[in-house]
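Secondary and tertiary structure notes
One-letter residues, chain by chain:
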Amino acid sequence: MTDMSVMIGNLRLDSPVMPASGTFGDGLGQVMDIRRLGAIVTKTITRERRAGNPLPRVAETTGGMLNAIGIPSCGVEDFINRTLPHYTQWGTPLIVSISAPDAAGFATLARAVSIAGVDAIEANISCPNIEADGKAFAMEANATTKVVAALRAATDLPLWVKLTPNCHDMSMIARAAEAAGADAVVVANTILGMSIDTRTFRPRLGNVMGGLSGAAIKPIILRQTYQCARSVAIPVIGCGGITTADDAVEYMLAGAVAVQVGTASFINSLAMTDILDGLDRFCHARSITRVAALTGALRDATSPRCCDMDA
């Protein structure tokens, strides 16, 4: 058996595979062993109740899907009283994804969820910042610094910062998050896109634009993961178009310590455990005893072609 454990800062995960925020349904516990996952990442919560965006919120595209969910939320009190007890039953590390419209709101929410049963916070700074005319925090280094510093001052829990691919230079944003106190960065959220129904001449999403996810975005996010991993010393968690074990291996070779799986779970409810099984087979076939050895093991294009990690 391969040692599937990985370390993200001081947090040990039994495996490198976990859900992306917003894609972990409560019903998955009925079809898969949740304890095999490295962590559970919750749907993003907000301090207040939110209805989300108008329907339709999801549209299929070639190689992926668009979503404009709008972060509907029952609020932090409901999360603490109802959702948290449900998630803690498996004993798997729990990562709480949070969102707020400004830095102060992020800090308040981080303090509220820094309680027993929560193992880390994932700050979704890909959301609009009302202090910057609606631009996402993670689109600008200064805004990233401000919000991450506020979060760091508000909690002692490990702090993961989820970045957006809709920026000019993600490596610069990752460095700003690291300098402000992030313990890890998640690369990345969805790519902004849209789709039009040619039968009705209307947008396929009620919000017109939405986030593109799925296999189609993997080459882009894989490149950004590689660039960020070379730019920061903190762990990078890859997220974007991961459907198979080979996809996960690519992300780890590019520098990711762990991966998050999203859209694939809508297609195959066992996607995450299938990827874990595939990772184990991949390592076993190459006599790799620890999956963590894959992280950053990418060779340059001129290296001799060989499947043996020890060559």
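Everything below is about the structure printed above this text.
Residues numbered from 1 in each chain as written. Predicted model: local features only at pLDDT ≥ 70, side-chain atom pairs only at ≥ 80, totals over all residues. Heavy atoms only, no water.

**Regarding the packing of helix H2 (residues 103-113) against helix H3 (residues 141-154)**
Rules: Lines fitted to the C-alpha atoms define the axes, with helices restricted to the stretch that makes contact. Angles between their N-to-C directions range from 0 to 180 degrees. Secondary structure elements follow DSSP: runs of H or I of four or more residues count as helices, runs of E of two or more count as strands, with numbering from the N terminus. For classification purposes, an angle smaller than 35 degrees is called roughly parallel, one larger than 145 roughly antiparallel, one from 65 to 115 roughly perpendicular, and anything else oblique. Throughout, a crossing is termed right-handed when the near helix is turned clockwise from the far one, and left-handed when it is turned anticlockwise from it by less than a right angle. Any two residues whose heavy atoms approach within 4.5 Å are treated as being in contact. Three classes are used, and their members are as follows: Ala, Val, Leu, Ile, Met, Phe, Trp, Tyr, Cys and Pro are nonpolar, Asp, Glu, Lys and Arg are charged, and the others, Gly among them, are polar.
The contact between H2 and H3 brings their axes to 8 Å, and the two run at 25°. Classified by the interaxial angle, the pair formed by H2 and H3 is roughly parallel. Two packed elements cross with a definite hand, and for H2 against H3 that hand is right-handed. Facing Ala103, Phe106, Ala107, Ala110 and Arg111 of H2, the residues of H3 in contact are Lys146, Val147, Ala150, Leu151 and Ala154. Grouping the constituent residues of the contact of H2 with H3 by class yields 8 nonpolar, no polar and 2 charged.

**As for helix H6 (residues 245-253)**
Spelled out, the test is: Burial classes: relative accessible area under 20% of the type maximum marks a residue as buried, over 50% as exposed, and values in between as partly exposed (1.4 Å probe, protein chains only).
Of all the residues in H6, the buried ones are Ala245, Asp247, Ala248, Val249, Tyr251 and Met252. Tucked into the core, H6 has its buried residues touching helix H5 (218-229), strand S15 (236-239), strand S16 (258-261) and helix H8 (271-285). Two residues or fewer past H6, Gly255 is found with a positive phi of approximately 125°.

**A word on unusual backbone geometry**
In this chain, Leu55 is followed by Pro56 through a cis amide linkage whose omega measures -10°. With respect to the element layout, Pro56 can be found in the loop between strand S4 (40-41) and strand S5 (58-61). Going from Val187 to Ala188, the amide bond is cis rather than trans, its omega being 10°. Mapped onto the elements, Ala188 comes out in the loop between strand S10 (184-187) and strand S11 (191-194). Although it is not a glycine, Phe201 adopts a positive phi angle of roughly 65°.

**Side note on the pairing of strand S6 (residues 64-67)**
What counts is decided by this rule: At least two DSSP bridges between two strands are needed for those strands to be called paired.
Of the strand pairs in this sheet, S5 and S6 are connected by 4 bridges, and their pairing is antiparallel. Looking across to S6, one finds that Glu60 is bridged to Met65. In sequence, S5 turns back onto S6 through a hairpin of 2 residues, with Gly63 there showing a positive phi of about 75°. In terms of strand pairing, S6 meets strand S14 (residues 209-213) through 3 bridges, oriented antiparallel. Considered in S14, the bridge of Met65 is made with Ser213.

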